[in-house]
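# Survey of secondary and tertiary structure
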Amino acid sequence: RADGSVEETGPVGAVWQHSPVHADAVASVAALKPDLCVSGGRDKSVAVCSWRTGAVLRRFTGHQREVTKVTSALDSNRVFSASRDKTVMMWELHGTPGPRQHFPGHDLVVTGLAVSPDASQLCTGSRDNTVRKWDIETGECLGRAAISRNLVTHLCWVPGEPYVIQTSEDKTIRIWDSRELQVAHAFPAKRHIQTCCDASGDGRYCLSSSSGSAGEGGEATLWDLRQTRNRVREYKGHFQTTTSCVFLPGHPALAPSIATSSYDGTVKVWDRDTGGRG
């Protein structure tokens, strides 16, 4: 193809594979706008791309070590990246090539990154057992909370709420109240390390994913964020660690769905309410 992409066909239709954006492994991808995504990887760079064409619109460099997580407030022009260099940086899509803001302070690799829906505050988490809250405009650290053995693996903000969900290597999923940076709720610990989390667009549910091997573990779990805060359902079918879980955008004609990816080399789509695979 003229744009360098390759179209592959298979049982599920067409797949477009574009030319590589990064010089090494990609560690994190997030939505920026309906037609744009942001990615970060081992090459220490952050890239903003059109997922339709594969074109790289912007590339940001400044981290001293590989990028671990990227995120943004949806439909904003600001991109955030976390790194093994223990820092977080903010970049502006239409700004200068350098970072607009720095957020230093963690003692180890930053592994969790979540921006508030109004894009005014940032929450970060690290293998240093801490979660921190930051003022985006000033870069000031507004709060720090430490929990022993809470090696953070992922953070996500609940839409329309002051709550941040956090997964950890201690097998626990915690809900933080960002106002006081205190744990508002902790779900019963799972049997395996929790690797990722996501919140539904309506703020009613959250997902978490588990490590695993040889068919043991590797599930995703649906949790109720409302008053009961129960475990609703598990999605089992991966044979190794489930590395990512996400609620898929809704459609009136389709059942609510989620997607998971795994070290077993597969991405699976599930019916959220029945647990059946699409």
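Residues numbered from 1 in each chain as written. Predicted model: local features only at pLDDT ≥ 70, side-chain atom pairs only at ≥ 80, totals over all residues. Heavy atoms only, no water.

Generally speaking, a soluble globular protein has its nonpolar side chains buried in company with each other. Residues Leu 32, Val 38, Val 46, Val 48, Val 70, Val 79 and Trp 91 are the most contacted members of the largest nonpolar core, which totals 13 residues. Residue assignment for this core shows that the elements contributing at least two residues are β3 (26–33), β4 (36–41), β5 (45–50), β7 (67–72) and β9 (88–92). (Core = buried A, V, L, I, M, F, W, Y, C linked by side-chain atoms within 4.5 Å. Buried < 20%, exposed > 50% of the residue type's maximum accessible area, 1.4 Å probe, protein only. Helix = DSSP H or I, 4+ residues; strand = E, 2+ residues; numbered from the N terminus.)

Take the pairing of strand β26 (residues 257–262) next. Within β26, five of the six residues are buried, which leaves the element mostly enclosed by the surrounding structure. Pairing analysis gives five bridges linking strand β25 (residues 242–247) to β26, with the strands arranged antiparallel. Looking at β26, one finds that Thr 242 is bridged to Ser 262. Pairing of β26 with strand β27 (residues 267–271) involves five bridges; the strand directions are antiparallel. Bridging from a neighbouring strand, Ser 261 pairs with Val 267 of β27. As consecutive antiparallel partners, β26 and β27 are separated by four residues, and within that stretch Gly 265 has a phi angle of approximately 85 degrees, a positive value. (Pairing = 2+ DSSP bridges.)

Our next topic: the pattern of salt bridges. All told, the structure shown has 15 salt bridges when counted by the stated rule. The shortest N-O distance in the salt bridge between Arg 179 and Asp 177 comes to 2.8 Å. Residue Arg 231 is joined to Glu 234 by a salt bridge in which the shortest nitrogen-to-oxygen separation is 3.3 Å. For Arg 231, a relative accessible area of 51% gives the class exposed. Members of the salt-bridge network, linked through shared partners, are Lys 190, Glu 219, Arg 231, Glu 234 and Lys 236. (Salt bridge = Lys/Arg side-chain N within 4 Å of Asp/Glu carboxyl O.)

Bringing the sheet that holds β4 into the picture now. One open sheet accounts for four strands, arranged β3-β4-β5-β6; its pairing is antiparallel. Looking along the sheet, the strands with just one partner apiece sit at the ends: β3 and β6 (56–61). Across the sheet, the mean angle from the axis of one strand to that of its neighbour is 20 degrees, orientation sign disregarded. Direction of pairing for β3 relative to β4: antiparallel, over a ladder of six bridges. Along β4, the bridge assignment pairs Val 26 with Gly 41. (Axes fitted to C-alpha atoms, helices over the stretch in contact; angles between N-to-C directions.)

Within the UniProt annotation, "repeat: WD" (unreviewed entry) is assigned to residues 60–93, 103–144, 152–186 and 235–278. Counted over residues 152–186, helix gives 0% and strand 63%. Its end C-alpha atoms are 14 Å apart. The span residues 235–278 is 0% helix and 41% strand, and its two end C-alpha atoms sit 12 Å from each other. (UniProt positions renumbered as here; feature names shortened; annotations may be inferred.)

This brings us to the pairing of β6. As paired elements, β5 and β6 share five bridges and run antiparallel to each other. Each bridged residue has a counterpart across the sheet, and for Ala 47 the counterpart in β6 is Arg 59. Taking the residues that link successive antiparallel strands as the turn, the β5-β6 hairpin has five residues, and the phi of Gly 54 there is positive, at about 85 degrees.

On to a nonpolar patch on the surface. Among the surface-exposed residues, Val 246, Leu 248 and Val 269 lie close enough to one another that they form a single nonpolar patch of about 190 Å² accessible area. With respect to the element layout, Leu 248 can be found in the loop between β25 and β26. (Patch = residues over 30% accessible without salt bridge, like charges linked within 9 Å, V, L, I, M, F, W, Y side chains within 5 Å. Areas by Shrake-Rupley, 256 points an atom, 1.4 Å probe, with all protein chains shown as cover.)

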